Amino acid sequence: MFEWKTRDGRSYEERITLWPASSADEAIALAEAEAETYAADNGFGYLGFAQSYRLGGPPDSGAEVFSLLRDSPLEPGAYLDAFFDTGTERQQHH
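Let me begin by describing the structure that accompanies this report. This structure is a prediction, so every number in the text was calculated from the model and none was measured.

### Some words on the pairing of strand S2 (residues 9-13)
1) Next: Where strand S1 (residues 2-6) lies against S2, five bridges are found, and the strand directions are antiparallel. By the bridge assignment for S2, Glu3 is matched with Tyr12.
2) Next: Counting the residues in the hairpin turn of S1 and S2 gives two residues.

This is the structure:
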């Protein structure tokens, strides 16, 4: 997770990167080192938050590269609005 400060406020970036590693701890250490460099090279802040997800094999078409389960009492539409479609995302709508 990264914080971009803009003239209009701030934006947050979530990135998913792939790291061949023998353990979750090693993958996170590699990711955090790269995140520090990525942030420094681009002039924004790394928030010190990294997660790991073990792939079941080499990535291929349709391979799952990230999964997060979050418990919530919200109904599906409200959940999406609260976490993924707040109206402030910089994304294309299809």
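### Looking at the layout of surface pockets
Picture a little ball the size of a water molecule; that probe, rolled over the atoms, points out where space is still empty.
1) Next: Its boundaries defined by the atoms lining it, the largest pocket holds a volume of some 1,600 Å³.
2) Next: Forming the walls of the largest pocket are 43 residues, and the residues nearest its centre are Glu14, Arg15, Ile16, Gln51 and Phe66.
3) Next: With seven residues, the single largest contributor to the lining of the largest pocket is helix H1 (residues 24-42).

### Here we look at the side chain of Glu13
1) Next: Position of Glu13 relative to the elements: it lies in strand S2.
2) Next: Put simply, Glu13 is tucked away with no salt bridge, and the nearest opposite charge, on Arg15, sits 4.1 Å away.
3) Next: Separated by 2.9 Å, the side chains of Glu13 and Tyr38 make a polar contact.
4) Next: Setting aside residues no more than four positions away along its own chain, Glu13 makes contact with Met1, Phe2, Trp4, Tyr38 and Phe44.

### Side note on the pattern of salt bridges
1) Next: Taken as a whole and judged by the stated rule, the model has two salt bridges.
2) Next: Arg10 serves as the salt-bridge partner of Glu3, at 2.5 Å between the closest nitrogen and oxygen.
3) Next: Between Glu34 and Arg15 there is a salt bridge, with the nearest N and O atoms lying 3.0 Å from each other. Taken together, the residues Glu34 in helix H1 and Arg15 in the loop between S2 and H1 connect sequence positions 19 residues apart.

What counts as what
- Residues numbered from 1 in each chain as written.
- Predicted model: local features only at pLDDT ≥ 70, side-chain atom pairs only at ≥ 80, totals over all residues.
- Heavy atoms only, no water.
- Pairing = 2+ DSSP bridges.
- Helix = DSSP H or I, 4+ residues; strand = E, 2+ residues; numbered from the N terminus.
- 1 Å grid on protein atoms, 1.4 Å probe; cavity = no way out; pocket = protein on both sides within 12 Å on 5 of 7 lines; lining within 4 Å.
- Points joined across faces, edges and corners; volume = space filled by probe spheres on them.
- Buried < 20%, exposed > 50% of the residue type's maximum accessible area, 1.4 Å probe, protein only.
- Lys, Arg positive; Asp, Glu negative; His and termini not counted.
- Salt bridge = Lys/Arg side-chain N within 4 Å of Asp/Glu carboxyl O.
- Polar contact = N/O pair within 3.5 Å; in protein donor to acceptor, adjacent residues only side chain to side chain.
- Contact = heavy atoms within 4.5 Å.

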